[in-house]
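Single-letter residue listing:
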Amino acid sequence: MHRYLGYKIYQVGGLPLTPRSKYPVYCIRMCDSAILVNSGALGDEEYLLRNLLELAVDPKELKYLVLFTPSKEGAGLCRWLRELLRGLTVVSRREDARTFREGRGMEEFEPCPASLEVDDEPRALIKCDEGAVVAYYGVDSIVIITSEWIAALSKDVGKFLELSESILKKLEEFSIVGQVPRNIKAVCSLDKPVCVYP
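Nothing here was measured: the structure is a model prediction, and the numbers come from that model. (Residues numbered from 1 in each chain as written. Predicted model: local features only at pLDDT ≥ 70, side-chain atom pairs only at ≥ 80, totals over all residues. Heavy atoms only, no water.)

A word on the overall build of the protein chain. The helix and strand tally for the protein chain stands at 5 helices and 13 strands. Here the protein chain holds 198 residues, and the buried ones make up 54% of them. A fraction of 58% describes how many contacts in the protein chain between residues 6 or more apart in sequence connect residues 24 or more apart. Approximately 8,900 Å² of the protein chain is accessible, and the part contributed by carbon and sulfur atoms is 47%. (Helix = DSSP H or I, 4+ residues; strand = E, 2+ residues; numbered from the N terminus. Buried < 20%, exposed > 50% of the residue type's maximum accessible area, 1.4 Å probe, protein only. Contact = heavy atoms within 4.5 Å. Areas by Shrake-Rupley, 256 points an atom, 1.4 Å probe, with all protein chains shown as cover.)

See the structure below:
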């Protein structure tokens, strides 16, 4: 099972799709690759694979795993995915990287070091004919930008919407983004599978 949330964003894990993960796991389709945001909890491996395959995403298409929640429910499958998919790049905020690397304070979590630690600046992940996928961590969010639309996943949807104008201005400062569309089409929560369409 999966849920289409709009703008190439799909929920493939988390309640009610997988039994152990309380945080949503999102798959973002871009060109011939995909990004996973959060990984889900240990024990949800079969559910996650089934949901990806039902969405016609070969797990080998997953190029990036973006971790937001230093918890067993949000990042428990990180190490398993990394071992399964040798080319997977694990992305985390620099301030959370040590927690993912050492697993301190996280029960039932196998340490999973990030391949790419980012600060509060945009970073182009995938460039293709649809534009660029850019991670922005200033308000615990990832912003997906294509040539025509912007969507975001955020821990605090309300705060993100309040700051959206300043975020758009900041994104315009970075040449890796190019022309930034002026409207945000969707903002989805990283804590529960809910999207707002402003």
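This paragraph deals with the environment of Glu110. Its location among the elements puts Glu110 in the loop between helix H4 (94–102) and strand S7 (116–118). For Glu110, a relative accessible area of 37% corresponds to the partly exposed category. With 35 residues separating them along the chain, Glu110 and Ala75 place their C-alpha atoms 9.3 Å apart.

In this model, Leu15 is joined to Pro16 through a cis peptide bond whose omega is 0 degrees. Residue position: Pro16 is located in the loop between strand S2 (9–13) and strand S3 (25–30). For Ala56, which is not glycine, the phi torsion reads 65 degrees and is therefore positive. Mapped onto the secondary structure, Ala56 falls in the loop between helix H1 (45–54) and strand S5 (62–66).

Here we come to the sheet that holds S3. Pairing is mixed across the open sheet formed by 7 strands, whose spatial order is S1-S2-S3-S4-S5-S6-S7. Both edges of this open sheet fall to strand S1 (3–6) and S7, since each of them pairs with a single strand only. Across the sheet, the mean angle from the axis of one strand to that of its neighbour is 25 degrees, orientation sign disregarded. Pairing of S5 with strand S6 (residues 89–93) involves 3 bridges; the strand directions are parallel. The residue of S6 that forms the bridge with Val66 is Val91. Its contacts with the sheet put H1 on S2, S3, strand S4 (33–37) and S5, and the angle it makes with S2 is roughly 150 degrees. Running over the sheet, H4 touches S6 and S7 and is turned about 120 degrees from S6. (Pairing = 2+ DSSP bridges. Axes fitted to C-alpha atoms, helices over the stretch in contact; angles between N-to-C directions.)

For the rest of this paragraph, the subject is the pairing of strand S10 (residues 141–145). A large share of S10 lies buried, amounting to 5 of its 5 residues. Taking every second residue as pointing to the same face, both faces of S10 are buried, with Ser141, Val143 and Ile145 on one and Ile142 and Ile144 on the other. One ladder, built from 5 bridges, connects S10 with strand S11 (residues 150–154); its direction is antiparallel. Looking at the pairing, Ile145 lines up with Ile150 of S11.

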